[in-house]
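Spelled out, the chains give:
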Amino acid sequence: MATTANQTKNVVGALNQQVANLTVLFTKLHNYHWYVTGENFFELHSKLEEFYDYTAEKLDEVAERILALQGNPVATLKESLSIATIKEAKGGEAPKEMVQAVLADFEQLISELKETIAIAEDAEDDSTADLCVQTITDLQKNAWMLRAFLR
């Protein structure tokens, strides 16, 4: 069965949701990286930098997948904020609140990426599904580490 233009549009829409989320998360992680304080400063400062570097890499991969599908990735902060399900940092969060927020964001991404896999599979788009599976695997590992940190 051939993939229809509507199925590809659905895949691009789901991927654009993640471009928006990753854009907001990238900024949020920088905020936390810059403003983290306290006894776990060195550990969290480094880990948050690792997370925003990873997020930048995934953002680029997802946007390039959209381009490969002949779509247009969300490319402005205004667009990203209008469709993202990940919320901006409020400012002034304590280190534990930062970790809790990042954990919740990773869990949100995992949930939405699972939905994107279903959309991609419906469109017989194994490449997009594979990208999502790889990302989920990474996020699940990081979520486990964040949960362990919070205990």
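Look a little higher up for the structure.
To start, this report covers the structure provided alongside it. Residue positions within a chain follow its written sequence, with the count starting from 1. Local features in a predicted model are, by the rule used here, given only for residues with pLDDT of at least 70; side-chain atom pairs are given and counted only at 80 or more, and totals for whole chains, interfaces and linings are based on all residues. Side-chain numbers come from the whole structure's heavy atoms, not from hydrogens or water.

Note on placement: Q7 falls in helix 1 (residues 5-35). Classification of Q7 by relative accessible area gives buried; the value is 11%. The numbering of helices and of strands both runs from the N terminus, where a helix is a DSSP run of H or I of at least 4 residues and a strand a run of E of at least 2. For each residue, the accessible area found with a 1.4 Å probe, counting protein chains only, is set against the maximum for its type, and the residue is called buried under 20%, exposed over 50%, and partly exposed in between.

This paragraph deals with the environment of T4. With respect to the element layout, T4 can be found in the segment before helix 1. The exposure class of T4 is partly exposed, given its relative accessible area of 39%.

The term salt bridge refers to a pairing of a side-chain nitrogen on Lys or Arg with a carboxyl oxygen on Asp or Glu at a separation within 4 Å. Using the criterion set out here, one finds 5 salt bridges in the structure. In this structure, R65 engages D125 in a salt bridge whose closest nitrogen and oxygen atoms are separated by 2.8 Å. With R65 in helix 2 (residues 41-68) and D125 in the loop between helix 4 (95-122) and helix 5 (126-150), the pair connects residues that are 60 residues apart, well separated along the chain. In this pair, the class of R65 matches that of D125, namely buried.

A word on a negative patch on the surface. Nonpolar side chains (Val, Leu, Ile, Met, Phe, Trp, Tyr) are joined into patches within 5 Å and like charges within 9 Å, using only residues with over 30% relative accessible area and no salt bridge. With residues, only the protein chains shown are counted as cover, and all accessible areas are computed by Shrake-Rupley using a 1.4 Å probe. Under this rule, positive means Lys or Arg and negative means Asp or Glu; His and the chain ends count for nothing. By convention, charge coordinates are those of NZ in Lys, CZ in Arg, CG in Asp, or CD in Glu. Together, E49, D53, E57, D60, E64 and D138 line one region of the surface with negative charge. Looking at the negative patch element by element, the count peaks at 5 residues for helix 2. By secondary structure assignment, the location of D138 is in helix 5.

Looking now at the packing of helix 2 against helix 4. Throughout, an axis means a line fitted to C-alpha atoms (over the contacting stretch in the case of helices), and angles, computed between N-to-C directions, take values from 0 to 180 degrees. Viewed as axis vectors pointing N to C, helix 2 and helix 4 meet at an angle of 25°, and their least axial separation amounts to 12 Å. Classed by the angle they form, the pair helix 2 and helix 4 counts as roughly parallel. Remark: the crossing between helix 2 and helix 4 carries left-handed chirality. Within the contact between the two elements, helix 2 uses L44, L48 and F51 and helix 4 uses P95, V99, V102 and F106. Roughly parallel here means an angle under 35 degrees, roughly antiparallel means over 145, roughly perpendicular means 65 to 115, and every remaining angle is called oblique. Here is the rule for handedness: rotate from the far helix to the near one, and if that takes an anticlockwise turn smaller than a right angle the crossing is left-handed, while a clockwise turn gives right-handed. Any two residues having at least one pair of non-hydrogen atoms within 4.5 Å are treated as being in contact.

Think of it this way: a Phe, Tyr or Trp ring, Trp meaning its six-membered ring, pairs with another when their centres are within 6.5 Å, and the plane angle makes it stacked under 30 degrees, edge-to-face over 60, tilted otherwise. In total, this model carries 3 aromatic pairs according to the counting rule given. Seen in terms of ring centroids, F26 and Y52 are 6.1 Å apart; in terms of plane orientation they differ by 85°. Their pairing is edge-to-face. With F26 in helix 1 and Y52 in helix 2, the pair connects residues that are 26 residues apart, well separated along the chain. By relative accessible area, F26 is classed as partly exposed at 27%. We classify Y52 as buried; its relative accessible area is 10%. Where F51 meets F106, the ring centres are 5.1 Å apart and the plane angle is 75°; that geometry is what we call edge-to-face. Remark: F106 occurs in helix 4 and F51 occurs in helix 2; sequence separation between them is 55 residues. Accessibility classification places F51 together with F106 in one group, the buried group.

So, about the environment of A75. Note on placement: A75 falls in the loop between helix 2 and helix 3 (77-83). Residue A75 is classed as exposed on the basis of its relative accessible area, which comes to 67%.

Below, the discussion takes up the side chain of Q18. Checked against the element boundaries, Q18 lands in helix 1. What qualifies as a polar contact is a pair of N or O atoms within 3.5 Å, subject to a donor-acceptor requirement within protein and to the restriction that residues adjacent in sequence count only when both atoms come from side chains. At a separation of 2.8 Å, a polar atom in the side chain of Q18 contacts the side chain of E112. In contact with Q18, not counting residues within four places along its chain, are V62, L109, E112 and L113.

A separate point is helix 5. Between the first and last residue of a helix there are one fewer steps than residues, each counted as 1.5 Å, and that sum is the expected span. Its 25 residues place the ends of helix 5 36 Å apart at the C-alpha level, agreeing with the 36 Å of an ideal helix rising 1.5 Å per residue. Taken together, the buried positions of helix 5 are occupied by T128, A129, L131, C132, T135, I136, L139, N142, A143 and L146. Of the surrounding elements, those touching the buried residues of helix 5 are helix 1, helix 2 and helix 4.

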